[in-house]
Amino acid sequence: MESPATDVVPTVDLSSFTTDSHFAARKAAAQELARCCRPHGCVGIIGHGVPHELLVEAFEVAETLFDLPMEDKMKAPHPQARIPHRGYSAPGREKAFSRDDILTNSEAMARAKRRIRDIHETYECGDESNSVQTNIWLPEDVLPGFRDFSMKLFWRLHHCSRSILETLMMSLDLTEEECNYLRKLHPGYSEQLRYAHYPSVSTESLDREELNRLPAHTDWSSFTLLFQDDAGGLEFRNAQSGAFMLAIPAVDKLYLNIGDMFMRITNGMYPSATHRVAVPQSAMAKGAEVTRARYSIPFFFSPHADMMATPLQTCVTDDHPVKFKPIKISDYSAEMSKWQYEKSESKNE
Ligand SMILES: O=C(O)CCC(=O)C(=O)O
Ligand SMILES: [Fe+2]
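Residues numbered from 1 in each chain as written. Chains lettered and ligands numbered in written order. Predicted model: local features only at pLDDT ≥ 70, side-chain atom pairs only at ≥ 80, totals over all residues. Heavy atoms only, no water.

- Under an unreviewed UniProt entry, the name given to the chain is Putative leucoanthocyanidin dioxygenase, and the source organism is Viridothelium virens.
- The annotation that UniProt attaches to the chain under Sequence similarities (unreviewed entry) is "Belongs to the iron/ascorbate-dependent oxidoreductase family." (UniProt positions renumbered as here; feature names shortened; annotations may be inferred.)

Below, the structure is given as structure tokens:
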């Protein structure tokens, strides 16, 4: 068994960014965000401005969606190929790999890892104008209002991500030109909203390592906003010690998870966070035979797939030389997702 997480991920309050606060208050919040987030690429955020009622409704929608009979959910199936990364994926369909796994470039390793299935079911959607990542919707009568609600949530989370981006940019003292480059890089087009359900599983199958909730990995977004219910289980790796830290759930708290793209663009100033979903100790310690189900809503704030991710000059200094080559964003995500779905094709986004 993997060792249990102990320390706790810190939390910052960003309300000065989401209300009309003066410059000094915003600057102090940006510095606090950097202080907490830069060591490991993760931080809890309150005061993010996403309305409480919207989040409550989002989790109700997720529960209704995953409660549908399988034959209904399969009316919007994720394709066999990895693109479009849209629609419904049944438990065990998708598999997460770490960046190190992917860099080994070994299909035998991928096959071996696939023997431990990731037990979650998901539904993905994104910008309706994306002509490559086209949405796959359930028929309206199967879940009335789902499409409209999901698009409302998508754009509200995009808006929240944009204000977090402003905070991150302020924390790095970027030039106006660099800020404009980053704003242009994130128009919403390649972003993705996911509903995720981790069904209740037997602790025995976890002990026997027959299945996983979600193994350790990094995201290839710029950053991900992670909303979770109160079941717990999200954990981030301490970049210094390698131990995992608990992302303790709380009402209206999101976890900011820096992805590979923001790491590349900031030349490693913000590292991408290694994270996983484990079964909380509380569920195991009681000797329970089954763990309780968990719901989460990740929002992947990703750069436009057709653009280039280039390290910012402000983040390159004599002490901190260039670490990453410019890369086309769709090339990077194609590489990182090549084993995510079993019958993946090498089509680019
Ligand atoms: O469910 C969660 O809290 C984490 C999900 C996640 O890491 C992912 O979908 O990439
Ligand atoms: Fe992730």
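Once the structure has been displayed, the description carries forward.
1. Brief notes about the side chain of Q192
Then, in step 1: Topologically, Q192 is positioned in strand 6 (residues 192-198).
Then, in step 2: Judged by its relative accessible area of 10%, Q192 is buried.
Then, in step 3: Side-chain polar atoms of Q192 contact the side chain of E124, separated by 2.2 Å. (Helix = DSSP H or I, 4+ residues; strand = E, 2+ residues; numbered from the N terminus. Buried < 20%, exposed > 50% of the residue type's maximum accessible area, 1.4 Å probe, protein only. Polar contact = N/O pair within 3.5 Å; in protein donor to acceptor, adjacent residues only side chain to side chain.)

2. Concerning the site of ligand 1
Then, in step 1: As a structural note, the neighbourhood of ligand 1 is formed by 13 residues, with R194, Y198, H275, R294 and S296 the closest of them.
Then, in step 2: Separating an oxygen atom of ligand 1 from a side-chain N or O atom of R194 is a distance of 2.7 Å.
Then, in step 3: One of the side-chain nitrogen or oxygen atoms of R294 is found 2.9 Å away from an oxygen atom of ligand 1.
Then, in step 4: Protein contact buries 97% of the 300 Å² of open area that ligand 1 shows by itself. (Near = heavy atom within 4 Å. Areas by Shrake-Rupley, 256 points an atom, 1.4 Å probe, with all protein chains shown as cover.)

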